[in-house]
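Here's the letter readout for the chains.
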Amino acid sequence: MADSADGVDSMAGTAGVAGEVGGADEGRIVVGLSGSLGSLAALHHAVAEARRTDSEVLAVLCWTPPGDELGYRRTPCPPVITAGRDDAVARLRQALDEAFAGRYAGVRLRCQAVRGDTGHTLVRCADRSGDLLVLGAGRERGRLARLVHPSVTAYCVRHATCPVLAVPHPPLLRDLRTLEHGYRRWAPAARN
């Protein structure tokens, strides 16, 4: 059940996603995208690896309806799903534009906006023995945040049947976060 618009596939569900591209024995590089700087770094790493190994890149942006799946099941509304899917496709296009500035990536690149929980969906997409799952390393969070929203990277490492590569944050992003934390620490004192 896939809609295609301008080369970006948007999947209505995860059923049938795995194994659609090429033969069953071919390895792909599956990369999870969210539009964050960490996910864009993961996409660039995946493309570099694809150039080195002559593999195809499958860029996946996962999405859920507003209120998550449980909320949607309680009050189904097809226009909400259509709007959610359209928003996901737009975010995927924007992420690709930001990553490659509208230019050719230099590798075979297939993109999908897939409805489903991020970790579970990425593991289902990267189901071949020759696949490589590439993710941004995520961000440091406290215990409560990890309890409420578990790490996608940790989930994929535990459940994937293929190798998982967690790409660290770019150095510039780490520097910006360090500066931001330093500013927060000193900003209230400056106001007094």
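Quick summary incoming for the structure in this document. Note that the coordinates shown come from a computational prediction; the quantities given were computed from them, not determined experimentally. (Residues numbered from 1 in each chain as written. Predicted model: local features only at pLDDT ≥ 70, side-chain atom pairs only at ≥ 80, totals over all residues. Heavy atoms only, no water.)

**A few points about the pattern of salt bridges**
Here is step 1 of the chain: Applying the stated criterion across every chain yields a total of four salt bridges.
Here is step 2 of the chain: A salt bridge links D127 to R28; its shortest N-O distance comes to 3.6 Å. Of the two residues, D127 sits in the loop between α4 (118-125) and β6 (132-136) while R28 sits in strand β3 (residues 28-33), which places them 99 residues apart along the sequence.
Here is step 3 of the chain: Accessibility expressed as a relative area gives 36% for D127, which makes it partly exposed.
Here is step 4 of the chain: Under the relative-accessibility criterion, R28 is labelled buried at 2%.
Here is step 5 of the chain: The residue R91 makes a salt bridge to D87 at a minimum N-O spacing of 3.7 Å. On the criterion of helical spacing, the pair formed by R91 and D87 is a turn pair, its members being four residues apart in helix α3 (residues 78-100).
Here is step 6 of the chain: Via salt bridges that share partners, R28, D127 and D131 belong to a single interconnected network. (Salt bridge = Lys/Arg side-chain N within 4 Å of Asp/Glu carboxyl O. Helix = DSSP H or I, 4+ residues; strand = E, 2+ residues; numbered from the N terminus. Buried < 20%, exposed > 50% of the residue type's maximum accessible area, 1.4 Å probe, protein only.)

**What about the packing of α4 against helix α6 (residues 152-159)?**
Here is step 1 of the chain: At their nearest, the axes of α4 and α6 sit 9 Å apart, and the two run at 40° to each other. By the angle between their axes, α4 is oblique relative to α6. The handedness of the crossing between α4 and α6 is right-handed. Here α4 contributes T118, G119, H120, L122 and V123 to the contact with α6, which in turn contributes V152, Y155, C156 and H159.
Here is step 2 of the chain: Grouping the constituent residues of the contact of α4 with α6 by class yields five nonpolar, four polar and no charged. (Axes fitted to C-alpha atoms, helices over the stretch in contact; angles between N-to-C directions. Parallel < 35°, antiparallel > 145°, perpendicular 65-115°, else oblique. Left-handed = near helix turned anticlockwise from the far one by under 90°. Contact = heavy atoms within 4.5 Å. Nonpolar A, V, L, I, M, F, W, Y, C, P; charged D, E, K, R; others polar.)

**Examining the nonpolar core**
Here is step 1 of the chain: One finds V31, L33, L43 and V134 to be the most contacted residues of the largest nonpolar core, which totals 29 residues.
Here is step 2 of the chain: Counting only elements with at least two residues in this core, the list comes to β3, α1 (37-53), β4 (56-63), α3, β5 (109-115) and β6.
Here is step 3 of the chain: Per element, the largest residue contribution to this core is eight residues, and it comes from α3.
Here is step 4 of the chain: Apart from residues no more than four positions distant in its own chain, V31 is found in contact with A42, L43, A46, V57, L58, A59, V60 and V134.
Here is step 5 of the chain: In this structure, V114, A126, A160 and C162 belong to the second largest nonpolar core, which totals 14 residues. (Core = buried A, V, L, I, M, F, W, Y, C linked by side-chain atoms within 4.5 Å.)

**Remarks on the pairing of β4**
Residues in a regular strand point their side chains to alternate faces of the sheet.
Here is step 1 of the chain: Among the eight residues that make up β4, eight are buried, leaving the element largely enclosed by the rest of the structure.
Here is step 2 of the chain: Burial of β4 is two-sided: the residues E56, L58, V60 and C62 facing one way and the residues V57, A59, L61 and W63 facing the other way are all buried.
Here is step 3 of the chain: Of the strand pairs in this sheet, β3 and β4 are connected by six bridges, and their pairing is parallel. Following the sheet pairing, L33 is matched in β4 by L61. (Pairing = 2+ DSSP bridges.)

**Quick look at α4**
A turn of α-helix holds 3.6 residues, and therefore any two residues three or four places apart point the same way.
Here is step 1 of the chain: When we look at burial in α4, the residues that qualify are G119, T121, L122, V123 and C125.
Here is step 2 of the chain: In this fold, the buried residues of α4 make contact with β3, β4, β5, β6 and α6.

**Regarding the pairing of β3**
Here is step 1 of the chain: Along β3, six of the six residues are buried, which leaves the element largely enclosed by surrounding structure.
Here is step 2 of the chain: Pairing between β3 and β6: three bridges, direction parallel. Of the residues in β6, the one forming a bridge with V31 is V134.

**Examining unusual backbone geometry**
Here is step 1 of the chain: At D54, a position not held by glycine, the phi torsion is positive, near 55°.
Here is step 2 of the chain: Take D54: it is sitting in the loop between α1 and β4.
Here is step 3 of the chain: By relative accessible area, which is 60% here, D54 ends up exposed.

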